Amino acid sequence: MAGRAAPPPDATLRAWEREQARLGAGVVEEDTEEWQRDPGFAGLERVGGVDLSYIKGDDSSACASLVVLSYPALEVLYEDCRMVTVSAPYVAGFLAFREVPFLVEAVQRLQQEEPRLRPQVLLVDGNGLLHPRGFGVACHLGVLTDLPCVGVAKNLLQVDGLVRDELHREQIRSLQREGDTFPLTGASGRALGMGVPGDSRAPSQVLLQVPDPGAHPSDSPDLLPPRFLWTPRDQKGRSLHVPCLSGLP
């Protein structure tokens with residue numbers, strides 16, 4: 001059984017912080033594509049999802065996956081799943097430096113092998129703008145690939161005054177039906193995310209990156225089949241609500 005990697009030295013963490021700040025300048029929070037502004041997402045034809053899944057008991061061996069589905073039919077158009085060896089340790093707030101290189105490689109392979117299947121939006125298991133420095137793994141991947149990326153998280157990252165208190169737990173309990181949401185509004189007054197319910201195969205809550213408080217998480221929830229959740233996205237950090245594959249971790 002592989003042991004955990006040693007934590008990086010402080011100098012490495014400071015270098016990672018500087019890199020996040022540099023790349024963060026490329027974040028775009030506005031909707032830029034016509035389909036993003038359409039209530040029915042007319043023009044959205046391909047939705048992708050990425051994740052690293054680790055072998056139990058071994059935090060250095062993982063399967064890096066990229067899957068592209070048609071929308072709205074949800075037919076699998078492309079799959080890329082490869083075992084990888086992860087050397088960078090996990091450090092809270094710096095997940096991208098551990099996982100993003102493998103995800104970028106997967107996107108590059110897709111571009112080389114099937115460029116016509118390049119997704120119009122990519123769902124990422126991790127945070128986007130809801131992050132201590134406003135630049136989580138979804139933003140990081142979006143900037144490096146120039147793809148709209150949605151940060152989808154299962155647990156609340158306590159930043160900007162957001163806490164797992166009784167109010168937050170009550171908001172979670174209020175998520176009873178598809179289309180139910182609640183905003184994750186920080187002490188700054190900025191909406192950093194949205195909470196939505198999962199389904200029978202997903203967690204009871206899913207926390208989504210919502211940099212734009214004027215976004216529309218539930219304008220037309222009846223358009224979605226039961227396996228879908230409303231979720232925003234950020235391209236290079238950009239934000240929008242799009243269908244989120246509930247089968248993703």
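Residues numbered from 1 in each chain as written. Predicted model: local features only at pLDDT ≥ 70, side-chain atom pairs only at ≥ 80, totals over all residues. Heavy atoms only, no water.

A.B. asks: Explain the packing of helix α3 (residues 96-113) against helix α4 (residues 137-145) to me, please; I cannot follow it from the model alone.
C.D. replies: Angle between the axes and distance between the axes: these two values describe a pair of packed helices. Where α3 meets α4, the axes come as close as 10 Å, and the angle between the chain directions of the two elements is 40°. Between α3 and α4, the angle falls in the class oblique. In the packing of α3 onto α4, the handedness of the crossing is right-handed. In contact with Ala-96, Phe-97, Val-100, Leu-103, Val-104 and Val-107 of α3, α4 contributes Val-137, His-140, Leu-141, Leu-144 and Thr-145. (Axes fitted to C-alpha atoms, helices over the stretch in contact; angles between N-to-C directions. Helix = DSSP H or I, 4+ residues; strand = E, 2+ residues; numbered from the N terminus. Parallel < 35°, antiparallel > 145°, perpendicular 65-115°, else oblique. Left-handed = near helix turned anticlockwise from the far one by under 90°. Contact = heavy atoms within 4.5 Å.)

A.B. asks: Would you mind showing me how to read the layout of surface pockets here?
C.D. replies: Any space left empty among the atoms is revealed by the rolling of a water-sized probe across them. The computed volume of the largest pocket comes to approximately 790 Å³. Every residue lining the largest pocket is counted, 32 residues in all, and those nearest its centre are Tyr-90, Leu-95, Glu-99, Asp-125 and Gly-126. Those elements that place two or more of their residues in the lining of the largest pocket are β1 (46-55) and α3. The element that contributes the greatest number of residues to the lining of the largest pocket is β1, accounting for four residues. Per-class residue counts for the lining of the largest pocket are 16 nonpolar, eight polar and eight charged. (1 Å grid on protein atoms, 1.4 Å probe; cavity = no way out; pocket = protein on both sides within 12 Å on 5 of 7 lines; lining within 4 Å. Points joined across faces, edges and corners; volume = space filled by probe spheres on them. Nonpolar A, V, L, I, M, F, W, Y, C, P; charged D, E, K, R; others polar.)

A.B. asks: When you look at the nonpolar core in this model, what are you seeing that I'm missing?
C.D. replies: Generally speaking, soluble globular proteins have nonpolar side chains that are buried together. Of all hydrophobic cores here, the largest spans 25 residues; its most connected members are Val-50, Leu-52, Leu-66, Leu-122, Val-124, Leu-141 and Cys-149. When residues of this core are traced back to their parent elements, those giving at least two are β1, β2 (58-70), β3 (76-85), α3, β4 (121-125) and α4. The dominant element in this core, judged by the number of residues it contributes, is α3, at eight residues. Setting aside anything within four residues of it in sequence, one finds Leu-141 in contact with Val-50, Val-100, Leu-103, Val-104, Leu-122, Val-124 and Cys-149. (Core = buried A, V, L, I, M, F, W, Y, C linked by side-chain atoms within 4.5 Å. Buried < 20%, exposed > 50% of the residue type's maximum accessible area, 1.4 Å probe, protein only.)

A.B. asks: I would appreciate a short explanation of the packing of aromatic side chains in the present structure.
C.D. replies: The relative placement of two aromatic rings is captured by the distance of their centres and the angle of their planes. The full count for this structure, using the stated rule, is four aromatic pairs. Between the aromatic rings of Trp-16 and Phe-94, the centroid separation amounts to 5.6 Å while the plane-to-plane angle is 45°, which identifies the pairing as tilted. A residue pair is termed long-range when its members are at least 10 positions apart, and Trp-16 in helix α1 (residues 10-24) and Phe-94 in the loop between β3 and α3 qualify at 78 residues. We classify Trp-16 as buried; its relative accessible area is 13%. (Phe/Tyr/Trp six-rings, centres within 6.5 Å; stacked < 30°, edge-to-face > 60°.)

A.B. asks: It is not clear to me how the pattern of salt bridges should be interpreted in this structure. Could you clarify?
C.D. replies: This structure, assessed with the given rule, holds 12 salt bridges. With its nearest N and O atoms 2.9 Å apart, the salt bridge here joins Glu-170 to Arg-173. Here Glu-170 pairs with Arg-173, and both are found in helix α5 (residues 166-173), just three residues apart, close to one helical turn. The exposure class assigned to Glu-170 is partly exposed, which follows from its relative accessible area of 42%. A salt bridge links Asp-180 to Arg-177; the nearest nitrogen and oxygen atoms lie 3.6 Å apart. Among the residues examined, Asp-180 registers a relative accessible area of 15% and is labelled buried. Salt bridges linked by common partners bring Glu-166, Arg-169, Glu-170 and Arg-173 together as one network. (Salt bridge = Lys/Arg side-chain N within 4 Å of Asp/Glu carboxyl O.)

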